[in-house]
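Take a look at the letters that make up each chain.
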Amino acid sequence: QVLLVYSGGGVVQPGGSLRRYCVVSGSRFSTITMAWYRQAPGKRREWVATITSSSTSTNYADSVKGRFTISRDNAKNMVYLQMNSLKPEDTAVYYCNNQYGTYSWGQGTQVTVSS
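Nothing here was measured: the structure is a model prediction, and the numbers come from that model. (Residues numbered from 1 in each chain as written. Predicted model: local features only at pLDDT ≥ 70, side-chain atom pairs only at ≥ 80, totals over all residues. Heavy atoms only, no water.)

Q: Please explain the pairing of strand E7 (residues 68-73) as it appears in this structure.
A: Here is the key point about a regular strand: its side chains alternate between the two faces of the sheet. Where burial is concerned, the two faces of E7 differ: the one with Phe68, Ile70 and Arg72 is buried and the one with Thr69, Ser71 and Asp73 is not. As paired elements, E7 and strand E8 (residues 78-83) share six bridges and run antiparallel to each other. Among the inter-strand pairings, aspartate 73 is bridged to a residue of E8, identified as methionine 78. Hairpin connection from E7 to E8: four residues lie between these consecutive antiparallel strands, with asparagine 77 at a positive phi of about 55°. (Buried < 20%, exposed > 50% of the residue type's maximum accessible area, 1.4 Å probe, protein only. Helix = DSSP H or I, 4+ residues; strand = E, 2+ residues; numbered from the N terminus. Pairing = 2+ DSSP bridges.)

Q: Looking at this structure, how should I read the sheet that holds strand E1 (residues 3-6)?
A: Two strands in a sheet stick together by hydrogen bonds in their backbones, pointing the same way (parallel) or opposite ways (antiparallel). Reading across the sheet, the four strands line up as E1-E3-E8-E7 and stay open at both edges, with antiparallel pairing between neighbours. Both outer strands of the open sheet, E1 and E7, are each paired with one neighbouring strand and no more. Strand-to-strand twist in this sheet, taken as the mean axis angle between neighbours without regard to direction, amounts to 20°. (Axes fitted to C-alpha atoms, helices over the stretch in contact; angles between N-to-C directions.)

Q: Explanation requested: the environment of threonine 102 in the structure shown.
A: Take threonine 102: it is sitting in the loop between strand E9 (92-98) and strand E10 (109-113). For the pair threonine 102 and valine 2, spaced 100 residues apart in sequence, the C-alpha to C-alpha distance is 9.6 Å.

Q: How should the environment of lysine 43 be read in this particular structure?
A: Turning to its location among the elements, lysine 43 is positioned in the loop between strand E4 (34-39) and strand E5 (46-51). Among the residues examined, lysine 43 registers a relative accessible area of 55% and is labelled exposed. For the pair formed by lysine 43 and asparagine 59, sequence separation is 16 residues and the distance between their alpha carbons is 22 Å.

Q: I'm lost on the pattern of salt bridges in this one. Help?
A: Close approach of charged atoms allows side chains with opposite charge to pair. For the structure shown, the criterion picks out four salt bridges. Here aspartate 90 and arginine 38 are joined by a salt bridge, their closest N and O atoms 2.9 Å apart. Here aspartate 90 is found in the loop between E8 and E9, whereas its partner arginine 38 is found in strand E4, with 52 residues between them in sequence. Assigned by exposure class, aspartate 90 and arginine 38 land together as buried. The salt bridge involving aspartate 62 is made with lysine 65; its shortest N-O contact spans 3.3 Å. (Salt bridge = Lys/Arg side-chain N within 4 Å of Asp/Glu carboxyl O.)

Right, dumping it as structure tokens:
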């Protein structure tokens, strides 16, 4: 099975920045379109960003467009999410997965934006 290992959580003030990562094991990572998702308390999981296998294309949810940047390092089997200009509504558990969300999600990484 595919194993997802996450960086630790983070707490930042509104307007701050945070960079999180996910390490993916057990897949043909370099051929797979990867994505970040998030789930806020009491809400369902939502898609945040997608990056194609060779980083040729990226896509973002409207809620994060212009503030978040997804990237990847295929040599390290890693996916990154750079989060800038953070807002309280960005508070959620963040998960990485493939574009279909078929991997086991793992524990995710908690991002808390609060003053």
